Amino acid sequence: ADPSNSGAQFTGSYNGGGYTISNLYIARSSEANVGLFGHIGIGAKISNLHLENADVTGQRGTGSLVGRVTGDESTVIELCSATGSVEGTGATGGLVGSNNSFQTNPGNADGFRPQIRRSYANVTVQNRTESGQSNDKIGGLAGCNQKGVISNSYARGSVTVVDGSERVGGLAGCILLRGRIINSYSTGQVSVSS
């Protein structure tokens with residue numbers, strides 16, 4: 001089994017009421033699925049929550065707000081934002097590390113795609129190499145958006161990767177397997193460190 005998909009998933013609803021969490025600090029460089037919410041699943045809804053000056057470090061599946069999403073259309077991250085810095089080995093993003101469907105291959109069915117909408121990140125995103133960890137899927141808003149949807153959202157932070165990284169983008173690092181991006185953009189610099 002893939003260890004990055006193990007562990008409990010948050011499937012409840014969290015409405016931040018527009019409040020801001022300042023100076024969130026998470027240093028778990030040897031753990032997967034790292035963020036304020038480590039792993040969320042089907043039915044999870046996170047809304048109206050803002051992170052300011054977050055500093056989050058993890059392994060694969062790292063984001064300031066959510067490390068990993070394994071959901072469907074009922075899984076929604078909306079009206080959320082983050083500033084600060086995020087570092088991980090793969091599937092790492094400024095707001096969300098991996099925004100992925102629970103379905104291995106969702107086909108054309110929209111019902112299988114988790115949603116990130118009306119959200120933004122102004123986060124410095126960096127990745128690092130680590131033995132046994134794949135070095136891919138790094139993005140300013142979401143590292144991986146395969147089988148997911150990002151809409152009406154943006155990223156403004158820089159994305160810096162080490163030589164040999166694959167699937168890297170200012171907004172999302174990966175949209176394989178019918179991932180979608182709608183009415184969204186990035187302005188941050190993307191660079192390779194070598």
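Every chain begins its residue count from 1, and numbering advances along the sequence as written. Totals for whole chains, interfaces and linings use every residue, but because this is a predicted model, local features are given only for residues with pLDDT of at least 70 and side-chain atom pairs only at 80 or more, for both listing and counting. Each side-chain value is worked out from all heavy atoms of the structure, with water and hydrogens disregarded.

Quick look at the pairing of strand β6 (residues 50-57) now. Side-chain direction in a regular strand flips from residue to residue, so the side chains alternate between the two faces of the sheet. Pairing between strands is defined by DSSP: at least two bridges between the two strands are required. Here a helix means four or more residues in a row that DSSP labels H or I, a strand means two or more in a row labelled E, and each is numbered from the N terminus. Bridging between strand β2 (residues 20-22) and β6 involves three bridges; their strand directions are parallel. Residue pairing across strands places S22 opposite E52, the latter belonging to β6. As judged from the three bridges shared by strand β3 (residues 25-27) and β6, these two strands associate in the parallel manner. When the sheet's bridge partners are listed, I26 is paired in β6 with V56. The pairing of β6 with strand β10 (residues 81-88) spans six bridges and is classified as parallel.

Strand order in the open sheet formed by six strands is β1-β5-β9-β13-β17-β21, and the pairing between neighbours is parallel. Every interior strand has two partners, whereas the edge strands, β1 (13-15) and β21 (180-182), have only one. Pairwise comparison of adjacent strand axes, ignoring direction, gives a mean angle of 5 degrees for this sheet. Here strand β5 (residues 45-47) pairs with strand β9 (residues 76-78) via three bridges, running parallel. Bridge pairing links K45 to V76 in β9. To get an axis, fit a line to the C-alpha atoms, keeping to the stretch in contact for a helix; angles then go from 0 to 180 degrees between the N-to-C directions.

Relative to the helices and strands, G16 resides in the loop between β1 and β2. The sequence separation of G16 and G43 amounts to 27 residues, and the corresponding C-alpha distance is 17 Å. Residues in contact with G16, not counting those within four places in the same chain, are S47, N48 and L49. The contact rule is simple, with two residues in contact once any of their heavy atoms fall within 4.5 Å.

Pairing is parallel in the open sheet, where four strands are placed in the order β7-β11-β15-β20. Two strands lie at the open edges of the sheet, namely β7 (60-63) and β20 (166-169), each paired on one side alone. Strand-to-strand twist of the sheet, defined as the mean angle between neighbouring strand axes without regard to direction, takes the value 5 degrees. Bridge count between strand β11 (residues 90-93) and strand β15 (residues 136-139): two bridges; the pairing is parallel.

Here we come to unusual backbone geometry. Located in the positive-phi region is A91, a residue other than glycine, with phi close to 45 degrees. With respect to the helices and strands, A91 occurs in strand β11. The buried category is assigned to A91, whose relative accessible area is 2%. Positive phi is not limited to glycine here, since N152 has a value of about 50 degrees. Positionally, N152 belongs in the loop between β17 (149-151) and β18 (154-155). The rule is simple: take the accessible area with a 1.4 Å probe, protein chains only, and divide by the maximum for that residue type; under 20% is buried, over 50% is exposed, in between is partly exposed.

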